[in-house]
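Inside the fold
Each chain, letter by letter, is given below.
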Amino acid sequence: MNYFNYRGKDLYCEDVALENLAKEFGTPLYVYSGKTILRHYHAFDNAFKSHDHLICYSIKANSNIGILNLLVQAGSGFDIVSKGELYRAMKAGADPSKIVFSGVGKTEDEIEMALIAGILMFNVESEAELYAIDKVAGRLGKKAPISFRVNPDVNPLTHPYISTGLKKNKFGIPHEKIIEAYKRALDLNNIEVVGIDCHIGSQITQLDPFNEAVEKMLNLIEKIESLGINIKYVDLGGGLGITYKDEEPAHPNEYGEAVLKYFKGINKKLIFEPGRVIVGNAGVLLTKVLYKKDTSEKKFIVVDAAMNDLARPALYGSYHSIVPVIKKEGNNVSVDIVGPVCESTDYLAKERTITEPEGGDLLCVMSAGAYGFSMASNYNSRLKPAEILVYNDKYYCIRERDTLEDLVSKENIPQIKVE
Ligand SMILES: *Cc1c(COP(=O)(O)O)cnc(C)c1O
């Protein structure tokens, strides 16, 4: 069941024609399918139904509070990496006792805000951070629930920019130092050890890296528990990949089986932090063709969406499928689809064969729901696009397009009289 389908020549999101949304809200435009988000959430949730578990959707993949609220209603918790994400989660109606806080650089004011909110646990990434949390908790007269994020030194077999569990990565505590860290935590008055955590990378399509990580975690848990510490929560992070082109990632059910085989009869709550697999294929970016440009080398299609709207191609060389919003007849041509930003990395597709579009045609960039809008910027003083959430035959503007006033609303002209 797919919620982005052609009906005749027209591409629909659920029961809404994308052309109509482009007409009403303009382009570039992010459009999300609420049904797809929920289907992905439930598929993941079902994969673990035989074991006590909690899904903490990773907010950074797509942080719009309209989307977070759908997930709140489905029962999701959240993985946050900043006080901004905590604020978003609370705005969206999240239950703080289902929030885990990851990230290598939590500041004291972020720790304070999370302690006051009453989150489930901090995923601590260094001993220095442990002391900071202990200090803030002491000041507030609270006990901070923590787990340590282990760096298990596992190769996730993904793009090097999104691997996080290798020794050379900045994340987590090296697994050979983790026992030491738990011993330290035992000595602190304002810390309560509740779990262990890892997250090895993103867009992982194979199961072997996950198996390897779980085996290393179980090994550590045994050692930690021999110190008299009870590990209640085992947080295995996120990272399950999706299909952008021809990848064949494990289905959540296969991932579930792979993980659960290790936890039969083990009475610990499993926590997962999926991001991309929930929202990635639930969102698209609509863009309009501005100009066609032929050089002796190449054909360029200049569109109105750019790297500031969708950074993944420029940042990781990522592939996004691009299809017409209205199918038409025509010649197949090989083109570079590029945006208006003044950088040579500003492209959405390179040497892509598509039916030759004309100026004014609408194109749909697929699989743009994760790390799309959440990575968007105002570079080149471009206005961030609007975001639309479709649900059955209804649609909702969940973020308005930036205005020109928004661009300068935080800026001031100082009282300088130039001599
Ligand atoms: C980014 C991130 C996730 C989500 O990763 P996906 O690949 O989108 O599932 C989960 N946990 C942590 C700590 C992260 O940094």
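Residues numbered from 1 in each chain as written. Predicted model: local features only at pLDDT ≥ 70, side-chain atom pairs only at ≥ 80, totals over all residues. Heavy atoms only, no water.

Overview of the overall build of the chain
Short version of the rule: In DSSP terms, a helix is any run of H or I states spanning at least four residues, a strand is any run of E spanning at least two, and both are numbered starting from the N terminus. Radius of gyration here uses only the C-alpha atoms, and the compact-globule reference equals 2.2 Å multiplied by the residue count raised to the power 0.38. For the exposure calls, accessible area comes from a 1.4 Å probe over protein chains only, and a residue counts as buried if that area is under 20% of its type's maximum, exposed if over 50%, partly exposed in between. Contacts between residues were defined by any pair of non-hydrogen atoms, one from each residue, lying within 4.5 Å. For the charge count, each Lys or Arg is scored as positive and each Asp or Glu as negative, with His and the chain ends excluded. Where a charge sits is defined by one atom per residue type, namely NZ (Lys), CZ (Arg), CG (Asp) or CD (Glu).
Across its full length, the chain carries 12 helices and 21 strands. For 419 residues, the compact-globule estimate of 2.2 N^0.38 gives 22 Å, and the chain sits close to it at 23 Å. Dimensions along the principal axes, computed over C-alpha positions, put the chain at roughly 70 × 65 × 40 Å. Counting only residues that meet the buried cut, the chain has 54% of its 419 residues in that class. In the chain, 70% of the contacts between residues at least 6 apart in sequence involve partners at least 24 apart. Where the 49 positive side-chain charges of the chain centre and where its 56 negative ones centre are 1 Å apart.

Side note on the environment of Asn332
Locating Asn332 in the fold gives a position in strand S17 (residues 332-338). A residue is classified by how much of its surface remains accessible, and Asn332, at 57% relative accessible area, is exposed. Between the alpha carbons of Asn332 and Val150 there is a distance of 50 Å; along the sequence they are 182 residues apart. Every residue in contact with Asn332, bar those within four places of it in the chain, is listed here: Thr353, Ile354 and Thr355.

Overview of the domain arrangement of the chain
To keep things clear, this is the line we draw: Domain start and stop points were drawn from an automatic or database domain assignment. Accessible surface is computed with a 1.4 Å probe, and the buried area is the amount of it that two parts give up when combined, taken over both parts together. When a carboxyl oxygen of Asp or Glu is within 4 Å of a side-chain nitrogen of Lys or Arg, the pair counts as a salt bridge. The classification used treats Ala, Val, Leu, Ile, Met, Phe, Trp, Tyr, Cys and Pro as nonpolar, Asp, Glu, Lys and Arg as charged, and all other residues, Gly among them, as polar.
Structurally, the chain comprises domain 1 (4-31 + 281-404) and domain 2 (32-279). On a C-alpha basis, the centroid separation for the pair domain 1 and domain 2 is 32 Å. Counting residues at the interface gives 29 residues for domain 1 and 27 residues for domain 2. Of the roughly 2,300 Å² buried between domain 1 and domain 2 on both sides combined, carbon and sulfur atoms contribute 56%. Contact with domain 2 buries surface across domain 1, with Asn281, Ala282 and Tyr371 losing the most and accounting together for 26% of the total. At the junction of domain 1 with domain 2, the criterion picks out zero salt bridges. When residues of the side of domain 1 that touches domain 2 are traced back to their parent elements, those giving at least two are strand S4 (29-33), helix H11 (312-316), strand S20 (386-391) and strand S21 (394-399). Looking at the side of domain 1 that touches domain 2, the element that brings in the most residues is S20, giving five residues. Classifying every residue of the side of domain 1 that touches domain 2 gives 16 nonpolar, nine polar and four charged.

Details of the packing of aromatic side chains
Counted only if it meets this: Here a pair means two rings of Phe, Tyr or Trp (six-membered ring of Trp) with centres within 6.5 Å. Their orientation is stacked below 30 degrees between planes, edge-to-face above 60, and tilted elsewhere. Here, a charge over a ring means that NZ of Lys or CZ of Arg falls within 6 Å of the ring centre while also lying within 35 degrees of the ring normal.
Applying the stated criterion across every chain, the model contains 13 aromatic pairs. Arranged with centres 4.8 Å apart and planes meeting at 75°, the rings of Phe148 and Tyr182 form a pair that is edge-to-face. Of the two residues, Phe148 is situated in strand S9 (residues 144-151) and Tyr182 in helix H7 (residues 178-186); the sequence distance between them amounts to 34 residues. Both residues of the pair, Phe148 and Tyr182, count as buried. Note that Lys35 overlies the ring of Tyr391, its terminal NZ or CZ placed 5.4 Å from the centroid. One residue, Lys106, lies across the ring of Phe101, its end atom 5.5 Å from the ring centre.

What about the site of the ligand?
To keep things clear, this is the line we draw: A molecule or strand has a residue near it when one of that residue's heavy atoms lies within 4 Å. Each polar contact in these results corresponds to two N or O atoms within 3.5 Å; when the atoms are within protein, one needs to be able to donate a hydrogen and the other to accept it, and residues that are neighboring in sequence are counted only if both atoms are side-chain atoms. Areas reported here follow the Shrake-Rupley algorithm with a probe of radius 1.4 Å; residue values treat only the protein chains shown as occluding.
By nearness alone, 14 residues border the ligand, and Lys60, Ser202, Glu273, Arg276 and Tyr371 come closest of all. Take His199: an N or O atom from its side chain is 3.5 Å from a nitrogen atom of the ligand. A distance of 2.9 Å is found between an oxygen atom of the ligand and a backbone nitrogen or oxygen belonging to Gly239. Burial of the ligand by the protein chains amounts to 94% of its free accessible area of 390 Å².

Details of the pairing of strand S11 (residues 191-197)
Rules: Strand pairing follows a simple DSSP-based rule, namely that at least 2 bridges must link the two strands. Crossover handedness is defined here as right-handed if the route from the first strand over the helix to the second strand goes clockwise, with the strands pointing away from the viewer.
Where burial is concerned, most of S11 is hidden: six out of the seven residues are buried. Note that S9 and S11 share six bridges and pair parallel. Each bridged residue has a counterpart across the sheet, and for Pro145 the counterpart in S11 is Glu192. Bridge count between S11 and strand S12 (residues 233-235): three bridges; the pairing is parallel. Bridge pairing in S12 links Ile196 to Val234. Chirality of the crossover, the property in question, places the unit of S11, helix H8 (residues 208-225) and S12 among those that are right-handed.

Comments concerning the packing of H7 against H8
To keep it simple, the criterion reads: The angle between two axes is taken between their N-to-C directions and runs from 0 to 180 degrees, where each axis is a line fitted to C-alpha atoms and a helix contributes only its stretch in contact. Here a crossing is taken to be left-handed if its near helix is turned anticlockwise relative to the far helix by less than a right angle, and right-handed if that turn runs clockwise.
Contact pair H7 / H8: the axes reach a minimum separation of 10 Å and the direction vectors enclose 35°. When the axes of H7 and H8 are compared, the crossing they make is right-handed. Taken together, the residues of H8 that come into contact with H7 (itself represented by Ile178, Ile179 and Tyr182) are Leu220, Lys223 and Ile224. Here the contact of H7 with H8 is composed, by residue class, of five nonpolar, no polar and one charged.

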